[in-house]
Amino acid sequence: MAAVRGALLKHLRVNATALPRNPNPINNGIFALTFNAICRGFSDEVKGSFLDKSEVTDRVISVVKNFQKVDPSKVAPDAHFQNDLGLDSLDTVEVVMALEEEFGFEIPDNEADKISTINLAVEFIASHPQAK
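Residues numbered from 1 in each chain as written. Predicted model: local features only at pLDDT ≥ 70, side-chain atom pairs only at ≥ 80, totals over all residues. Heavy atoms only, no water.

Within an unreviewed UniProt entry, the label attached to the chain reads Acyl carrier protein, and the organism entered is Durio zibethinus. Comment text from UniProt for the chain, heading Subunit (unreviewed entry), reads "Complex I is composed of at least 49 different subunits." UniProt, in its Function (unreviewed entry) section for the chain, records the words "Carrier of the growing fatty acid chain in fatty acid biosynthesis. May be involved in the synthesis of short and medium chain fatty acids. Accessory and non-catalytic subunit of the mitochondrial membrane respiratory chain NADH dehydrogenase (Complex I), which functions in the transfer of electrons from NADH to the respiratory chain." (UniProt positions renumbered as here; feature names shortened; annotations may be inferred.)

J.: Could you give an account of a nonpolar patch on the surface, naming the residues involved and the relevant values?
T.: A surface patch of nonpolar side chains, amounting to about 290 Å² of accessible area, comprises Leu-90, Val-93 and Met-97. Note that Leu-90 resides in helix 5 (residues 89–103). (Patch = residues over 30% accessible without salt bridge, like charges linked within 9 Å, V, L, I, M, F, W, Y side chains within 5 Å. Areas by Shrake-Rupley, 256 points an atom, 1.4 Å probe, with all protein chains shown as cover. Salt bridge = Lys/Arg side-chain N within 4 Å of Asp/Glu carboxyl O. Helix = DSSP H or I, 4+ residues; strand = E, 2+ residues; numbered from the N terminus.)

J.: Can you explain the side chain of His-80? Please cite residues and give values.
T.: Inspection of the secondary structure assignment puts His-80 in the loop between helix 4 (53–65) and helix 5. A polar atom in the side chain of His-80 sits 3.1 Å from the backbone nitrogen of Asn-83. Once residues within four sequence positions are removed from consideration, His-80 is found in contact with Leu-85, Ser-116 and Thr-117. (Polar contact = N/O pair within 3.5 Å; in protein donor to acceptor, adjacent residues only side chain to side chain. Contact = heavy atoms within 4.5 Å.)

J.: Explain the packing of helix 4 against helix 5 to me, using residue names and the numbers behind them.
T.: The geometry of helix 4 relative to helix 5 is characterised by a closest axis approach of 10 Å and an angle of 130° between their N-to-C directions. Classified by the angle their axes make, helix 4 and helix 5 are oblique. Judged by the sense of rotation from one axis to the other, the crossing of helix 4 with helix 5 is right-handed. Two secondary-structure elements touch here, helix 4 through Val-56, Arg-59, Val-60, Val-63 and Val-64 and helix 5 through Val-95, Ala-98, Leu-99, Glu-102 and Phe-103. Here the contact of helix 4 with helix 5 is composed, by residue class, of eight nonpolar, no polar and two charged. (Axes fitted to C-alpha atoms, helices over the stretch in contact; angles between N-to-C directions. Parallel < 35°, antiparallel > 145°, perpendicular 65-115°, else oblique. Left-handed = near helix turned anticlockwise from the far one by under 90°. Nonpolar A, V, L, I, M, F, W, Y, C, P; charged D, E, K, R; others polar.)

Pasting the structure below:
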């Protein structure tokens, strides 16, 4: 169990480095804390773990084109699953499930409900660090 926990934490931890404090009294207090919070960056390991957006777009379009109820000629990056591709809500759930399988991570239900276009799927997947 400890090995699993260690492996999981290795991917979830973000290294944070403190910025030097400015002795200027204007930057003390809340402003300094807010500024430091905004400037804190991600470690190189986390920065490099996001997929390229163009690769995500190509893979999402491929998954949608291969969905049996979709006319491949209607698939475009700005296509809406229901309005443009004629999918119903159950079909949309199946497309999201196919995207989960393609990218190797689970999309939470509350986020999956918001994915109604190819562009929204691409944005969500490209910004998710667990997408493979």
